[in-house]
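So you can see what is in the structure, the chains are spelled out below.
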Amino acid sequence: MRAGVEGATPTPGSRWPPAVSALGLHLPLWAALLAATHVLPGAAPDRLGLAWVEGGLAFVLSRALRLPPWWAWINLFFFPLLVVLLEHGFAPAWALAALAVLALTSLGSVRSRVPLFLSSDRAVAALAASIPERPDLRVIDLGCGWGGPLAGLARRRPDLVLHGVEAAPLNWLIARLRLDGLARVRLGNLWAVDLAPYDVVYAYLSPAPMSRLWAKACREMRPGSLFISNSFEVPGVAPERVIPLDDLTQSKLLIWRIP
Ligand SMILES: C[S@@+](CC[C@H](N)C(=O)[O-])C[C@H]1O[C@@H](n2cnc3c(N)ncnc32)[C@H](O)[C@@H]1O
């Protein structure tokens, strides 16, 4: 598999990442609907009506293409919401600003299929408690987002040497500013990081990269080091320990020891 931000497997039945398929299906839908309103007599509903028809069709198509469920709902509401906002004087500049923020925090997600969501406090507390007490133990958060887990570890475990890597520029900047003097945070791709120096690797990513990441950890980390995933399993590899977190998303920490 090619090294890069991806590390993901394609959606079943599609050559494209889900976000591309999900957003791409609006183009032919709108083309067909606009053509229909011109050709069919009396078929010219108002803008909002047309947006709902388009949203409904996009919902059905998203399900038929077996896109992740949240894309079906996004596709259903996207254009109706846009029409309502525009009709209420919503300045398009705000949409552009929102798009810029989204790109700077999540553009890589389209390829990596690893969106931004944050570890809960319970996850960070359990993580801190799972890391052995040994001076200068080196820990890295792969895809460190806004730096929450590293900040929590710095507070709870000042004995640790903390590193993070993050691909999205705005997330990196937030983590970098937040963790100044507490952890070293690199802007970059986790697949390019050598894991050999780390005693503990923490990852809260998605199901997509887990097999490949486990293979990388086994290749590079020392036997006996810990690989800890928030919520996502390594297919076919039983963890040594599972810690249920009883947090909002009922997540769990899965802990493997490198063989
Ligand atoms: C689910 S968030 C977890 C954030 C943080 N670790 C936490 O637990 O709060 C995953 C993060 O990984 C980042 N990411 C995704 N693919 C990456 C890659 N290949 N290299 C570095 N970071 C990546 C995303 O931008 C996102 O910020």
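Below: a short report on this structure. In this text the structure is predicted, and so the values were computed from the model without any measurement.

Cut-offs applied
Residues numbered from 1 in each chain as written. Predicted model: local features only at pLDDT ≥ 70, side-chain atom pairs only at ≥ 80, totals over all residues. Heavy atoms only, no water. Helix = DSSP H or I, 4+ residues; strand = E, 2+ residues; numbered from the N terminus. Contact = heavy atoms within 4.5 Å. Areas by Shrake-Rupley, 256 points an atom, 1.4 Å probe, with all protein chains shown as cover. Axes fitted to C-alpha atoms, helices over the stretch in contact; angles between N-to-C directions. Parallel < 35°, antiparallel > 145°, perpendicular 65-115°, else oblique. Left-handed = near helix turned anticlockwise from the far one by under 90°. Nonpolar A, V, L, I, M, F, W, Y, C, P; charged D, E, K, R; others polar. Near = heavy atom within 4 Å. Polar contact = N/O pair within 3.5 Å; in protein donor to acceptor, adjacent residues only side chain to side chain. Patch = residues over 30% accessible without salt bridge, like charges linked within 9 Å, V, L, I, M, F, W, Y side chains within 5 Å. Salt bridge = Lys/Arg side-chain N within 4 Å of Asp/Glu carboxyl O. Pairing = 2+ DSSP bridges. Phe/Tyr/Trp six-rings, centres within 6.5 Å; stacked < 30°, edge-to-face > 60°. Buried < 20%, exposed > 50% of the residue type's maximum accessible area, 1.4 Å probe, protein only. Lys NZ or Arg CZ within 6 Å of the ring centre and 35° of its normal.

Focus on the overall build of the protein chain
When helices and strands are tallied, the protein chain shows 10 helices and seven strands. Counting only contacts in the protein chain whose residues sit at least 6 apart along the sequence, the fraction spanning at least 24 positions is 64%. Within the structure as shown, the protein chain displays about 14,000 Å² of accessible surface, and the carbon and sulfur contribution to it stands at 67%.

Concerning the packing of helix 7 (residues 121-130) against helix 8 (residues 148-156)
Remark: helix 7 packs on helix 8, axes separated minimally by 9 Å, with the N-to-C direction vectors making an angle of 50°. With respect to each other, helix 7 and helix 8 are oriented oblique. Pair helix 7 / helix 8 crosses with right-handed handedness. Taking contact as the criterion, the partners of Asp-121, Val-124, Ala-125, Leu-127 and Ala-128 in helix 7 are, on helix 8, Pro-149, Gly-152, Leu-153 and Arg-156. Residue composition of the contact of helix 7 with helix 8, by class: six nonpolar, one polar and two charged.

Let's talk about the site of the ligand
Near the ligand you find 23 residues, and of these Ser-119, Gly-143, Glu-166, Asn-189 and Leu-190 are the closest. Between a nitrogen atom of the ligand and a side-chain N or O atom of Asp-141, the distance comes to 3.0 Å. Look at the ligand: alone it shows 600 Å² of surface, and the protein chains cover 97% of it. Among the residues making up the shell around the ligand, the classes are represented as 14 nonpolar, seven polar and two charged.

Some remarks on the packing of helix 3 (residues 47-64) against helix 4 (residues 69-87)
Following both chains from N to C, one finds helix 3 and helix 4 inclined at 170°, their axes separated by 7 Å at the closest point. The angle between the axes of helix 3 and helix 4 places the two elements in the roughly antiparallel class. Here helix 3 contributes Arg-47, Leu-48, Ala-51, Trp-52, Glu-54, Gly-55, Gly-56, Ala-58, Phe-59, Ser-62 and Arg-63 to the contact with helix 4, which in turn contributes Pro-69, Trp-71, Ala-72, Trp-73, Asn-75, Leu-76, Phe-77, Phe-79, Pro-80, Val-83, Val-84 and Glu-87. Along the lines of polarity and charge, the residues of the contact of helix 3 with helix 4 split into 15 nonpolar, four polar and four charged.

Here we look at a nonpolar patch on the surface
A surface patch of nonpolar side chains, amounting to about 340 Å² of accessible area, comprises Trp-52, Trp-73 and Phe-77. With respect to the element layout, Trp-73 can be found in helix 4.

Brief notes about the sheet that holds strand 4 (residues 200-203)
Where strands meet in a sheet, backbone hydrogen bonds hold them as pairs that are either parallel or antiparallel. Spatially, 3-2-1-4-5-7-6 is the arrangement adopted by the seven strands of the open sheet, whose pairing is mixed. Single-partner strands in this sheet number two, and they are strand 3 (184-187) and strand 6 (241-244). Pairs of neighbouring strands in the sheet enclose a mean axial angle of 15°, with direction left out of account. Taken together, the five bridges between strand 1 (residues 138-142) and strand 2 (residues 161-166) define a ladder with parallel strand orientation. The residue of strand 2 that forms the bridge with Val-139 is Leu-162. Strands strand 4, strand 5 (226-230), strand 6 and strand 7 (252-257) of the sheet are contacted by helix 7, whose axis makes an angle of about 25° with strand 7. Contacts from helix 9 (residues 169-178) reach strand 2 and strand 3, with the element oriented near 165° to strand 3.

Remarks on the packing of aromatic side chains
By the definition in use, this model includes 11 aromatic pairs. Relative to Trp-256, the ring of Phe-227 has its centre 5.7 Å away and its plane inclined at 50°; by these criteria the two rings are tilted. Of this pair, Phe-227 sits in strand 5 while Trp-256 sits in strand 7; the two residues are 29 residues apart in sequence, bridging distant segments of the chain. Across the pair, Trp-256 and Phe-227 agree in class, each one buried. Grouped by ring-pair contacts, the aromatic residues Trp-52, Phe-59, Trp-73 and Phe-77 constitute a single cluster. Taking the ring centre of Trp-191 as reference, the NZ or CZ of Arg-212 above it sits at 3.8 Å.

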